[in-house]
Amino acid sequence: MTIPKEAEFIEKFLAEVMNEYKRKRPDADPIRNILRHMGHEEAAAVLDAWIDEKEDELAKALLKLAEKPTYKYERGAIHLDKKQEIQLDEEEDNKKKR
């Protein structure tokens, strides 16, 4: 139970990449390619939208990534709090824009 699942690692890895390359987004393109070659299409889509500074596409890509379960509880219930968190953040941003 304490071993992080692959989806958890990918989410944390993406956050670190976006933080590390926040001032030089195009330099993160090789990491995007590596993720794509490793079969992490959703994570690559997140970086692709982030690199191109397409905020709407980034929000959609993050939601798609969040739909993958991060871990399972004993009874098999899937934890999707991250998806709800992203949706709430998006709603908050929309309210601020008004």
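This one's a predicted model, so the numbers in the text were calculated from it and none came from an experiment.

The rules behind each value
Residues numbered from 1 in each chain as written. Predicted model: local features only at pLDDT ≥ 70, side-chain atom pairs only at ≥ 80, totals over all residues. Heavy atoms only, no water. Core = buried A, V, L, I, M, F, W, Y, C linked by side-chain atoms within 4.5 Å. Buried < 20%, exposed > 50% of the residue type's maximum accessible area, 1.4 Å probe, protein only. Helix = DSSP H or I, 4+ residues; strand = E, 2+ residues; numbered from the N terminus. Contact = heavy atoms within 4.5 Å. Salt bridge = Lys/Arg side-chain N within 4 Å of Asp/Glu carboxyl O. Phe/Tyr/Trp six-rings, centres within 6.5 Å; stacked < 30°, edge-to-face > 60°. Polar contact = N/O pair within 3.5 Å; in protein donor to acceptor, adjacent residues only side chain to side chain. Expected span 1.5 Å × (residues − 1). Arc of directions from axis to C-beta.

1. Section: the nonpolar core
Here is step 1 of the chain: Core analysis: the biggest nonpolar cluster contains 17 residues, and Ile10, Leu14, Met18, Leu35, Val46, Leu47 and Trp50 have the highest contact counts within it.
Here is step 2 of the chain: For this core, the secondary-structure elements that each account for two or more residues are helix H1 (6-20), helix H2 (29-37), helix H3 (41-51) and helix H4 (55-66).
Here is step 3 of the chain: Those residues in contact with isoleucine 10 that lie beyond four places of it in its chain are Leu35, His40, Ala43 and Leu65.

2. Quick look at the pattern of salt bridges
Side chains that differ in sign of charge can pair as their charged atoms come close.
Here is step 1 of the chain: Applying the stated rule across the entire model yields two salt bridges.
Here is step 2 of the chain: For the salt bridge of arginine 32 with aspartate 29, the shortest nitrogen-to-oxygen distance reads 2.7 Å. Placement of the pair is arginine 32 and aspartate 29 together in helix H2, with a separation of three residues, close to one helical turn.
Here is step 3 of the chain: Taking the relative accessible area as the measure of exposure, arginine 32 reaches 15% and is therefore buried.
Here is step 4 of the chain: For aspartate 29, a relative accessible area of 28% corresponds to the partly exposed category.
Here is step 5 of the chain: One salt bridge connects arginine 32 with aspartate 48, and the closest N-O pair in it is separated by 4.0 Å.

3. Things to note about the packing of aromatic side chains
Given two aromatic rings, their pairing is described by the distance between the two centres and the angle made by the two planes.
Here is step 1 of the chain: Enumeration according to the criterion identifies one aromatic pair in this entry.
Here is step 2 of the chain: Taken together, a centroid distance of 5.6 Å and an interplanar angle of 20° make the contact between phenylalanine 9 and phenylalanine 13 stacked. Of this pair, phenylalanine 9 and phenylalanine 13 both sit in helix H1, four residues apart, which is roughly one turn of that helix.
Here is step 3 of the chain: Its relative accessible area of 48% is what places phenylalanine 9 among the partly exposed residues.
Here is step 4 of the chain: Phenylalanine 13 gets classed as partly exposed once you look at its relative accessible area, which sits at 28%.

4. Examining the side chain of arginine 32
Here is step 1 of the chain: Within the local environment of arginine 32, its side chain forms a polar contact with the side chain of aspartate 29, the two groups lying 2.7 Å apart.
Here is step 2 of the chain: Once residues lying within four places of it in the same chain are set aside, the contact partners of arginine 32 are Ala44, Leu47, Asp48 and Ile51.

5. Topic: the side chain of histidine 40
Here is step 1 of the chain: Following the sequence through the fold, histidine 40 ends up in the loop between H2 and H3.
Here is step 2 of the chain: Sequence-distant contacts of histidine 40, that is, excluding residues within four places in its chain, are made with Glu6, Ile10 and Leu35.

6. What about H1?
Here is step 1 of the chain: A rise of 1.5 Å per residue sets the reference length of H1, with its 15 residues, at 21 Å; its end C-alpha atoms lie 21 Å apart and thus fit the reference within 8%.
Here is step 2 of the chain: For H1, the complete set of buried residues consists of Ile10, Glu11, Leu14, Val17 and Met18. Taken down its axis, H1 places every buried residue within 130° of arc, on the same side. In H1, those exposed residues whose orientation departs by more than 90 degrees from the buried face are Lys12, Glu16 and Glu20.

7. Quick notes on H2
Here is step 1 of the chain: Listed in full, the buried residues belonging to H2 are Ile31, Arg32 and Leu35. One side of H2 carries all its buried residues, which in axial view fall inside an arc of 105°.
Here is step 2 of the chain: Contacts made by the buried residues of H2 are with H1 and H3.
Here is step 3 of the chain: The positive-phi residue at the C-terminal boundary of H2 is glycine 39, with phi of around 90°.

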